[in-house]
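# Descriptive structure summary
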Number of protein chains: 2
Amino acid sequence: MIRIVACGKIKDAWLQKGIDEYVKRIQPYEKIEVVEVADEKTSQNNSEAEDLQVLVKEGERLLKKIKPDEYVILLDLWGKQMDSVSFAKTIDSLHTQGKSKITFVIGGSLGVSEGLIARSNMRLCLSKNTFTHQMCRLLVVEQIYRAFRILNNEPYHK
Amino acid sequence: MIRIVACGKIKDAWLQKGIDEYVKRIQPYEKIEVVEVADEKTSQNNSEAEDLQVLVKEGERLLKKIKPDEYVILLDLWGKQMDSVSFAKTIDSLHTQGKSKITFVIGGSLGVSEGLIARSNMRLCLSKNTFTHQMCRLLVVEQIYRAFRILNNEPYHK
């Protein structure tokens, strides 16, 4: 079972369509669920303390959606980078170890809270470049789909 | 002037919409043009020699679209990684140096040819993970848009 726990609604219809498309493609390989929690209103004029409050609140909302038996991979700019084959092998190895519930967590526009970092079992960096956390969701589902294609020796165009 | 020279048509309507959206957002900052060349038919049963032929052919087609005075940034899994701020500074620094024509080149499904590598002025890696070359186009235009927002001190949500 794979879960994506993410903060905020996807605002662009094209992006939602892309995410839905990959979620549909993943389903024949593994059950997948996307859980969205509400984001906090932020403003460019926010003080650092206000930003921190948003970060913590969103973090707590995300944490509430994670069950104790889940293996948590947190998307994090300061996480580990791996190529797609290593990523696929990681998923496979988790399954072999009996960790059948893998949950990918994507923070909000301000990033990830200390609480989320503490709960995570692995921190993964998909790119040194910053992308919107909304686009991050697309990148994650594409990589998960790619992982299953790789693990099943099925062709998938680059 | 920014040009994106890429191989193959975008097959997913949602992805084309996303790319169009960012191209539109870039336009107030700089003129941008997307040039597509046809891709070669490939097959999973291709021999290595046949794959190489495809790679070279597609590379030549892309090369033909690049003018001599263009500064070429080649998207390449083995290129340099930089964060979004460094990327923005690179664009800015090229402009300061009078390199006003920047062309991003995205190869086809088999990657980039030696000819393209030889012509490139910089090789850029957006992620150690492999994404489809089609999705790569979306990532590039998003990063270019983000770069202009950063350079103009304008807010842009993560």
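Because the structure is predicted, anything quoted here is derived from the model rather than measured. (Residues numbered from 1 in each chain as written. Chains lettered and ligands numbered in written order. Predicted model: local features only at pLDDT ≥ 70, side-chain atom pairs only at ≥ 80, totals over all residues. Heavy atoms only, no water.)

### Brief notes about the overall build of chain A
Helices and strands together make up the secondary structure of chain A, namely 5 helices and 5 strands. The helix and strand sequence of chain A, counted from the amino end, reads β-α-β-α-β-α-β-α-β-α. Relative to a compact globule of 158 residues, whose C-alpha radius of gyration would be 15 Å, chain A shows 15 Å and is just as compact. Dimensions of chain A, computed from C-alpha atoms along their principal axes, come out at roughly 50 × 35 × 25 Å. The burial tally for chain A puts 49% of its 158 residues in the buried class. In the form shown here, chain A has an accessible surface area of approximately 7,700 Å², with 50% of it arising from carbon and sulfur atoms. With 24 positive and 21 negative side-chain charges, chain A shows a spacing of 4 Å between the two charge centroids. (Helix = DSSP H or I, 4+ residues; strand = E, 2+ residues; numbered from the N terminus. Rg over C-alpha atoms; globule rule 2.2 N^0.38 Å. Buried < 20%, exposed > 50% of the residue type's maximum accessible area, 1.4 Å probe, protein only. Areas by Shrake-Rupley, 256 points an atom, 1.4 Å probe, with all protein chains shown as cover. Lys, Arg positive; Asp, Glu negative; His and termini not counted. Charge placed at Lys NZ, Arg CZ, Asp CG, Glu CD.)

### Focus: the relation of the copies chain A and chain B
Of the two same-sequence chains, chain A is brought onto chain B (RMSD 0.0 Å, axial shift 0.0 Å) by a rotation of 180°. Read as a symmetry element, the transformation amounts to a two-fold axis. Interface overlap between copies is the fraction of interface residues in one copy that are interface residues in the other; for chain A against chain B it reaches 100%, indicating a shared surface. (Least-squares fit on C-alpha atoms with pLDDT ≥ 70 in both. Contact = heavy atoms within 4.5 Å.)

### Some thoughts on the confidence of the model for chain A
Low pLDDT means the predicted atomic positions in that stretch should not be read closely. Taken over all residues, the pLDDT of chain A has a mean of 95, while the share at 70 or more is 99%. Of the two predicted TM-score estimates for the complex, the pTM is 0.92 and the ipTM is 0.89. (pLDDT = per-residue confidence, 0-100.)

### Observations regarding the pairing of strand 4 (residues 102-106) of chain A
All names here are of chain A. Judged by how many residues are buried, strand 4 sits mostly within the fold: 5 of 5 residues are covered. Looking at chain direction, strand 3 (residues 71-80) and strand 4 are connected through 4 bridges and run parallel. Paired with Leu 74 across the two strands is Val 105, which belongs to strand 4. Traced from strand 3 through helix 3 (residues 84-96) to strand 4, the parallel crossover comes out right-handed. (Pairing = 2+ DSSP bridges. Right-handed = clockwise from strand over helix to strand, strands pointing away.)

### Observations regarding the nonpolar core
Core analysis: the biggest nonpolar cluster contains 72 residues, and Phe 104, Val 140 and Ile 144 of chain A together with Phe 104, Val 140 and Ile 144 of chain B have the highest contact counts within it. Look past the residues within four positions of Val 140 of chain B in its chain and what remains in contact with it is Ile 4, Leu 75, Phe 104, Ile 106 and Leu 126 of chain B. (Core = buried A, V, L, I, M, F, W, Y, C linked by side-chain atoms within 4.5 Å.)

### What about helix 5 (residues 133-151) of chain A?
All names here are of chain A. Here helix 5 is 19 residues long and its end C-alpha atoms lie 27 Å apart, about the 27 Å a rise of 1.5 Å per residue gives. The buried fraction of helix 5 is high, at 17 of 19 residues. Asn 153 sits one or two positions beyond helix 5 and adopts a positive phi of about 50°. (Expected span 1.5 Å × (residues − 1).)

### Details of the pattern of salt bridges
All names here are of chain A. Counted under the stated rule, the structure contains 22 salt bridges over all chains. In this structure, the salt-bridge partner of Glu 36 is Arg 137, at a minimum N-O distance of 2.8 Å. Here Arg 137 lies in helix 5 and Glu 36 lies in strand 2 (residues 32-37), a separation of 101 residues in the sequence. Given the relative accessible area of 32%, Glu 36 is considered partly exposed. Residue Arg 137 is classed as buried on the basis of its relative accessible area of 3%. Here Arg 61 ties to Glu 40 by a salt bridge, and the two come within 2.4 Å at their closest N and O atoms. Residue Arg 61 is located in helix 2 (residues 48-64), and its partner Glu 40 is located in the loop between strand 2 and helix 2; the two are separated by 21 residues in the primary sequence. Residue Arg 61 is classed as partly exposed on the basis of its relative accessible area of 27%. Bridged by salt links that share partners, the residues Arg 3, Glu 33 and Glu 70 form one connected network. (Salt bridge = Lys/Arg side-chain N within 4 Å of Asp/Glu carboxyl O.)

### Describing the interface of chain A and chain B
Taken residue by residue, the interface counts 34 residues in chain A and 35 residues in chain B. On the surface where chain A and chain B come into contact, there are 12 residue pairs in polar contact (both at pLDDT 80 or more). Elements that contribute at least two residues to the side of chain A that touches chain B include exactly helix 1 (13-26), helix 3 and helix 5 of chain A. Counted by class, the side of chain A that touches chain B contains 12 nonpolar, 13 polar and 9 charged residues. (Polar contact = N/O pair within 3.5 Å; in protein donor to acceptor, adjacent residues only side chain to side chain. Nonpolar A, V, L, I, M, F, W, Y, C, P; charged D, E, K, R; others polar.)

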